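Breakdown of the fold
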Protein chains: 2
Amino acid sequence: MPRPSVREQLVDAAMECFHQRGFNGTGIQDIARTAGVPKGSVYNHFENKEALAAEVMDRYAVSRKLEMLQDEGLAPVPRLRAHFQYLAADLERFSYERGCMFGNFGTELSNQSDMMRGEVDSRLDLWTSAVTEVLDQAREAGTLTTPLTPGQLGRFLVNAWEGAVLRAKVTRNRAPLDGFFDVFDSLLA
Amino acid sequence: MPRPSVREQLVDAAMECFHQRGFNGTGIQDIARTAGVPKGSVYNHFENKEALAAEVMDRYAVSRKLEMLQDEGLAPVPRLRAHFQYLAADLERFSYERGCMFGNFGTELSNQSDMMRGEVDSRLDLWTSAVTEVLDQAREAGTLTTPLTPGQLGRFLVNAWEGAVLRAKVTRNRAPLDGFFDVFDSLLA
DNA sequence: ACCGTCAAGACGACCGTTCATATTCTCGGG
DNA sequence: CCCGAGAATATGAACGGTCGTCTTGACGGT
C-alpha cells in the first residue's frame, strides 16, 4: 500500500496546475515539481495523465458542495443564491483566474477525450439536477413567478453561470458574476 | 512579398485545428500538415504561434457578422434573435464540437498570454456593446418589458450564450442553445 | 551579382510513459 | 527480538517522440 500522502500531494499539485495552465498546458513534470515528488512516482498512483485529471475533477466536484442545495434550513431561492455566492467567493480567492474546472476541461478536452467529456457531462448534469430540484421546491412553495419551468431555469442558470465565470476569467474581475446575480434576482425574486 | 495564398492556407488550417484541438493541443506541424505547406513556412508569415492565433481570431470575429446587429430592416428583438440563430446555425455545421473561439481561447489562454487575454476581452466587449446597442433600441421602441437595463441584459446575454455554447460542446447537441432561446424569449418577448 | 523569399532540417527543450534499479516493508523462521 | 527472503513501492534516467523556433542554403527575379 503506497503512502497516501504522496498521492494526495500529487492531486493537490495537479489541482493547482490544471487550474493555472489547463490540461495540455500542464506537464507531468510541472505537477511532480509542484508536489515535490519525482516524476516517475506519478505513475505509481495514476495510470496516466487523464486518470489523474479525472481524480482531480472528482475532488473539485466535492469542493462545489452541492449538498448546500439540500439544506432545508434555508428557503429555496435564497438557498440557491447562497450556493452561487459560495462559488463566487471561491473564484474571488484566486482573483477569478481559475474559472470553473468543469468548463475549463469541457472546453479543452471535449474533442480530445471522450472519457473526460463524459465526466464533465455527468458532473454538469448532476449539478443541473440539484439546481432544478431547488427550483422545483420554489415552485411548489409558490415563490417562482417566472413562466419558465424549473427545468428550463435550472439548465439555463448553470450554463449562464459557466459563461459568467469564463468572462470573469478573461476580465479578471467580478463584474460578470454581478451581472449574473442581477438577472438571477430579476428572474427569481 | 510572399504569396498570399500560403498565408491564407495557414490561417484556414489553423482555424480548423485550433477549433478542433485548442491552442496548446495544436502543434505547428498539425497546422502545416493541414495547410499542405512545410512547417518552416509558418514563420515566413507569422512571427510565432500566438501571432497566428491572433490572426485566426480576427478572422473568426469577422465571421460572427456583428454588422447583422445594425440591420435596421428588422426590429431590434427579432434582429438580436436572428443574430444568435445565425451563430447557432454555424455551430450546428460542426456538430456543436467547436464551441466559440472567444470562449475557447479565453479559457485556455487567459493565464498563459496577456496579449491573447486582452484580444479576447476586446472582442467580447465589442460584441457586448453591439448587443447592448440593439437592446437600447428595443427599449426606446418600448418593446423591452423586463426591468433589467439594456446594459445588464446585453452583458448577461453574451455571457449566457458562451455558457450555452460550452455546454453544447460537452453534450454535442443543441439542447443548451434551445434553453438559451427559451430564456431569451421569456426575457425579451 | 545581389536580394528577397522559401523550405528543410537542425536546435534546444519538453512531452508522457516505461523500466531497471534502489529502497522499504512484510512475514515467517530461528 | 533479529534476520533474511521476497514482495511491494519508489526513483531517476531512458525511451521514442514532439514541441516551437531558428538557420542556412537553394532558388528565382531583377
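Residues numbered from 1 in each chain as written. Chains lettered and ligands numbered in written order. Predicted model: local features only at pLDDT ≥ 70, side-chain atom pairs only at ≥ 80, totals over all residues. Heavy atoms only, no water.

If you look chain A up in an unreviewed UniProt entry, it shows as TetR family transcriptional regulator C-terminal domain-containing protein from Actinacidiphila acididurans.

Considering unusual backbone geometry
Applicable threshold: Helix and strand definitions here come from DSSP, where helices need a minimum of 4 consecutive H or I residues and strands a minimum of 2 consecutive E residues; each element is numbered from the N-terminal end.
Even without being glycine, Tyr96(A) reaches a positive phi, approximately 65 degrees. Along the chain, the position of Tyr96(A) falls in the loop between α5 (76-93) and α6 (101-109).

Quick look at the UniProt feature "DNA-binding region" (unreviewed entry) in chain A
How we decide: UniProt positions are given in the numbering used here, feature names are shortened, and annotations may be inferred rather than shown by experiment.
As recorded in UniProt, the sites labelled "DNA-binding region" (unreviewed entry) are residues 27-46 of chain A. For the annotated span residues 27-46 of chain A, helix accounts for 60% and strand for 0% of the residues, and the straight-line distance between the end C-alpha atoms is 14 Å.

Some details on the packing of helix α5 (residues 76-93) of chain B against helix α9 (residues 175-188) of chain B
All names here are of chain B. To keep things clear, this is the line we draw: Lines are fitted to the C-alpha atoms to define the axes, a helix being fitted only along its stretch in contact, and any angle between axes, read from their N-to-C directions, falls within 0 to 180 degrees. For classification, angles of less than 35 degrees are called roughly parallel, those exceeding 145 degrees roughly antiparallel, those between 65 and 115 degrees roughly perpendicular, and all remaining angles oblique. What makes two residues a contact is simply this: any of their non-hydrogen atoms within 4.5 Å. Residues are grouped as follows: Ala, Val, Leu, Ile, Met, Phe, Trp, Tyr, Cys and Pro are nonpolar; Asp, Glu, Lys and Arg are charged; all remaining types, including Gly, are polar.
Put simply, α5 and α9 touch, their axes get as near as 12 Å, and they point 180 degrees apart. On the basis of their axis angle, the class for α5 and α9 is roughly antiparallel. Residues Val 77, Leu 80, Arg 81, Phe 84, Gln 85, Ala 88 and Leu 91 of α5 form the contact with α9, whose own contacting residues are Leu 177, Phe 180, Phe 181, Phe 184, Asp 185 and Leu 188. For the contact of α5 with α9, a count of residues per class yields 10 nonpolar, one polar and two charged.

Details of the relation of the copies chain A and chain B
What connects the two chain copies is a rotation about an axis and a shift along it. Stated precisely, the cut-off is as follows: Here the copies were fitted onto each other by least squares, based on C-alpha atoms from residues at pLDDT of at least 70 in both.
For the pair chain A and chain B, the superposition axis carries a translation of 0.0 Å, the fit reaches an RMSD of 0.0 Å, and the rotation angle comes to 180 degrees. Expressed as an axis order, the relation between the two copies is that of a two-fold axis. Most of the interface of chain A is mirrored in chain B, where 100% of its interface residues are also at the interface.

Description of the environment of Lys39(A)
Residue and element names in this part refer to chain A. Note that Lys 39 resides in the loop between α2 (28-35) and α3 (42-45). Taking the C-alpha atoms as reference, Lys 39 lies 6.8 Å from Ile 28; in sequence the two are 11 residues apart. Non-local contacts of Lys 39, meaning those with residues more than four positions away in its chain, are made with Ile 28, Gln 29 and Ala 32.

Overview of the packing of helix α8 (residues 150-171) of chain A against α9(B)
In the contact formed by α8(A) and α9(B), the axes pass within 9 Å of each other and the chain directions differ by 105 degrees. On the basis of their axis angle, the class for α8(A) and α9(B) is roughly perpendicular. Across from Gln152(A), Phe156(A) and Asn159(A) in α8(A), the residues of α9(B) making contact are Pro176(B), Gly179(B), Phe180(B), Asp182(B) and Val183(B). Looking at the contact of α8(A) with α9(B) residue by residue, the class counts come to four nonpolar, three polar and one charged.

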